[in-house]
Amino acid sequence: MRHIPTAIVALAFSAAAATGAKDWTEPVEVLHDGKRCLSYRARLAGEFLVIEAAMEPTWHTFAMDNKRRQDEKLAGKPSLGIERSTEIRVNGGLEAISPWFQSLPKDLSKPEIRWFTWGFEQQGLFVTKIKRSGPATAQIGMRGQACSEAICKNIDVTISIAVTPPKTAGTDIDWKALEQVR
């Protein structure tokens, strides 16, 4: 696993609290039967793009490397199924130029039935270093799946974010609370 340079690891985090709500995009909601199951929002923090997934009670979503984790656990054995890993595409005036980092996923597996999965309940953060390629609006495509105990909902939404000059140095990201996507 690649490690983040020590200077970056030393940065402190307090996501929405340390940065004003004005720094975040408007939330993009994912609905099921007219009710929100989760929402996404994004912000630029210096050279970094930060995306927050906020799940409603009883809902969860999945890690970016969920399939890889499952394949490692199954070691070639068949599974009862697989959830869609979170996928993030950045287009427009931003370009992702480093590996992605994500909150430490929770093990949601049920090994007794050979079902392995990792994801996020309540909140998940995704972070990557970006390059600004123009004063425009960028699009962040979010794909994946959100599930409750009874149902799963496919996700395919887009967050629009203004590509602005850096306002902060990205010093509010807690790298200790994140891990590199494998």
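In this text the structure is predicted, and so the values were computed from the model without any measurement.

A.B. asks: What exactly am I supposed to notice about the overall build of the protein chain here?
C.D. replies: Check the secondary structure of the protein chain and you find three helices and 13 strands. Each of the 182 residues in the protein chain was classed as buried or not, and the buried ones make up 46%. Within the protein chain, residue pairs in contact and separated by at least 24 positions form 71% of the contacts whose partners lie at least 6 positions apart. Carbon and sulfur atoms make up 52% of the accessible area of the protein chain, which amounts to about 9500 Å² in all.

A.B. asks: What exactly am I supposed to notice about the state of the cysteines here?
C.D. replies: Tallied over the full model, the rule gives one disulfide. One disulfide bridge connects cysteine 147 with cysteine 152, the sulfur atoms lying 2.0 Å from each other. Judged by the torsion about the S-S bond (110°), the cysteine 147/cysteine 152 disulfide is right-handed. Counting only cysteine sulfurs, cysteine 147 is the nearest neighbor of cysteine 37, a cysteine outside any disulfide, at a range of 9.3 Å. We classify cysteine 37 as buried; its relative accessible area is 0%.

A.B. asks: How should I be thinking about unusual backbone geometry in this particular structure?
C.D. replies: What is expected of a backbone is that most residues other than glycine have negative phi and most peptide bonds are trans. Phi at alanine 75 is positive, roughly 45°, even though this residue is not glycine. For alanine 75, the position within the fold is in the loop between helix 3 (66–74) and strand 5 (87–91). Even without a glycine there, the phi angle at glutamine 122 is positive, about 70°. In this fold, glutamine 122 is placed in the loop between strand 9 (118–121) and strand 10 (123–132).

A.B. asks: I would appreciate a short explanation of the pairing of strand 11 (residues 137–147) in the present structure.
C.D. replies: Of all eleven residues that make up strand 11, eight are buried, and the element is covered over most of its length. By the bridge criterion, two bridges tie strand 4 (residues 60–62) to strand 11 in an arrangement that is antiparallel. When the bridges of strand 11 are listed, threonine 61 appears paired with alanine 146. Bridging between strand 5 and strand 11 involves five bridges; their strand directions are antiparallel. Each bridged residue has a counterpart across the sheet, and for valine 90 the counterpart in strand 11 is isoleucine 140. Direction of pairing for strand 11 relative to strand 12 (residues 152–162): antiparallel, over a ladder of eleven bridges. Residue pairing across strands places glycine 144 opposite isoleucine 155, the latter belonging to strand 12. With antiparallel pairing between neighbouring strands as the criterion, strand 11 and strand 12 make up a hairpin whose turn holds four residues.

A.B. asks: I tried to follow the environment of lysine 106 on my own but got confused; where do I start?
C.D. replies: Inspection of the secondary structure assignment puts lysine 106 in strand 8 (residues 106–107). Classification of lysine 106 as partly exposed rests on a relative accessible area of 44%. Considered as a pair, lysine 106 and tryptophan 118 are twelve residues apart in the sequence and their alpha carbons are 5.5 Å apart. The contact partners of lysine 106, leaving out residues within four places of it in the chain, are Thr117, Trp118, Gly119 and Glu121. Reaching out from lysine 106, the side chain makes a polar contact with the side chain of glutamate 121 at a distance of 2.8 Å.

A.B. asks: Honestly, helix 3 in this entry has me stumped. Any pointers?
C.D. replies: Given 3.6 residues per helical turn, the α-helix brings residues three or four places apart onto the same face. Residues of helix 3 that are buried: Asn66, Arg69, Gln70 and Leu74. All buried residues of helix 3 fall inside an arc of 125° around its axis, so they share one side. Looking one or two places after helix 3, you find alanine 75, whose phi comes out positive at around 45°.

Criteria and cut-off values
- Residues numbered from 1 in each chain as written.
- Predicted model: local features only at pLDDT ≥ 70, side-chain atom pairs only at ≥ 80, totals over all residues.
- Heavy atoms only, no water.
- Helix = DSSP H or I, 4+ residues; strand = E, 2+ residues; numbered from the N terminus.
- Buried < 20%, exposed > 50% of the residue type's maximum accessible area, 1.4 Å probe, protein only.
- Contact = heavy atoms within 4.5 Å.
- Areas by Shrake-Rupley, 256 points an atom, 1.4 Å probe, with all protein chains shown as cover.
- Disulfide = S-S within 2.5 Å.
- Pairing = 2+ DSSP bridges.
- Polar contact = N/O pair within 3.5 Å; in protein donor to acceptor, adjacent residues only side chain to side chain.
- Arc of directions from axis to C-beta.

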